[in-house]
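Now for the letters of each chain:
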Amino acid sequence: MEIEVRSPNVRYTKDHIDSVYHYQTTDVRREPGRLVATPRETTYNFRTVRQVPRLGVMLVGWGGNNGSTVTAAVLANKMNMGWPTKDGPRTANYYGSVTQASTVLLGSETGSGSGVYVPLKDILPMVDPNDIVFDGKTGLRA
C-alpha cells in the first residue's frame, strides 16, 4: 500500500523523500528559589532514498543456532513452505518480525474518526526479507 504525506514539510522527488521535522523541547535552568523554562526547537532534515537497495548479510558461524534459524526462516517464507499439523495446514510467515508484522497508527479517518493502522513496512521504503542475500562461514580452519 502506498502512503503519501501531504504537508509543507514533505517533498517527493523521483529519487527521494525529503522531510523537515521540528523537534520541540524545553530547557530548564535552576536558579535560587525558581526554575526558568526556555522553549527550544531543533530542526532536522531527513532524506530517504525511494529505491530500496539490495541487502547482503554475512553470517559468521552460519551453521550455529542463530545463523541457521534466520536463514531457514527467510528461505521458508521465500519458498512459501508449508506443513501439515493436527489443526490443519500451516505456512511460513513473518509473525514476530517488527518490520513485517506490526502496524502503526497513521491517524484518524476523516468522517468516522476511527484509527487508521498501516503496516510498518509501508511507512518507508524497506528491504523485503525475501530479497536478502545470505552468505557466511561455518567453521574455522586451523
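Residues numbered from 1 in each chain as written. Predicted model: local features only at pLDDT ≥ 70, side-chain atom pairs only at ≥ 80, totals over all residues. Heavy atoms only, no water.

## Let's talk about the overall build of the chain
What counts here: The helix count covers DSSP runs of H or I at least four residues long, the strand count covers runs of E at least two residues long, and both are numbered beginning at the N terminus. The reference for a compact globule is 2.2 Å times residues^0.38; the radius of gyration itself is calculated from the C-alpha atoms. A 1.4 Å probe rolled over the protein chains alone gives each residue an accessible area, and that area as a share of the maximum for its type sets the label: buried under 20%, exposed over 50%, partly exposed in between.
From N to C terminus, the chain includes two helices and nine strands. Reading the helices (α) and strands (β) of the chain from amino to carboxyl end gives β-β-β-β-α-β-β-α-β-β-β. Here the chain has a C-alpha radius of gyration of 23 Å; the compact-globule value for 142 residues is 14 Å, and the former is much larger. When burial is assessed residue by residue, the chain has 12% of its 142 residues classed as buried.

## Structural notes on the nonpolar core
Threshold: What we call a nonpolar core is a set of buried Ala, Val, Leu, Ile, Met, Phe, Trp, Tyr and Cys residues that are connected through their side-chain atoms within 4.5 Å. Contacts are assigned to residue pairs that have any heavy atoms within 4.5 Å of one another.
In terms of nonpolar packing, the biggest core is built from five residues, these being Leu59, Val74, Tyr94, Ile132 and Phe134. In this structure Phe134 touches Val57, Leu59, Trp62, Val70, Thr71 and Val74, once residues within four positions along its chain are discounted.

## Structural notes on the pattern of salt bridges
Just so we agree on the cut-off: What counts as a salt bridge is simple: a side-chain nitrogen of Lys or Arg found within 4 Å of a carboxyl oxygen of Asp or Glu.
The final tally for this structure, using the stated rule, is seven salt bridges. As a salt-bridge pair, Glu4 and Arg6 come within 3.3 Å of each other at their nearest N and O atoms. Shared partners join several salt bridges into a network, and the residues in it are Arg11, Asp18 and Arg47.

## So, a nonpolar patch on the surface
Rules: Note on patches: the residues involved have over 30% relative accessible area and no salt bridge, like charges join within 9 Å, and the nonpolar side chains Val, Leu, Ile, Met, Phe, Trp and Tyr join within 5 Å. The Shrake-Rupley method, run with a 1.4 Å probe, gives the accessible areas here. Residue values count only the displayed protein chains as cover.
Judged by side-chain polarity, Tyr21, Tyr23, Tyr44 and Phe46 come together as a nonpolar surface patch covering roughly 420 Å² of accessible area. Exposure remark for Tyr23: the relative accessible area of 37% places this residue in the partly exposed category.

## Here's the deal with the environment of Leu55
With respect to the helices, strands and loops of the structure, Leu55 is situated in the loop between strand S3 (34–49) and strand S4 (56–60). Leu55 gets classed as partly exposed once you look at its relative accessible area, which sits at 35%. For Leu55 and Asp131, which are 76 residues apart along the polypeptide, the C-alpha to C-alpha distance reads 7.4 Å. Residue contacts for Leu55: discarding those within four places in its chain leaves Val127, Asp131, Ile132 and Val133.

## Topic: the side chain of Asn77
Within the secondary structure layout, Asn77 lies in helix H1 (residues 65–78). By relative accessible area, which is 8% here, Asn77 ends up buried. Among all residues touching Asn77, those that are not within four sequence positions of it are Ala92, Asn93, Tyr94 and Asn130.

Purely geometric stuff here, so don't read any function into it on its own.
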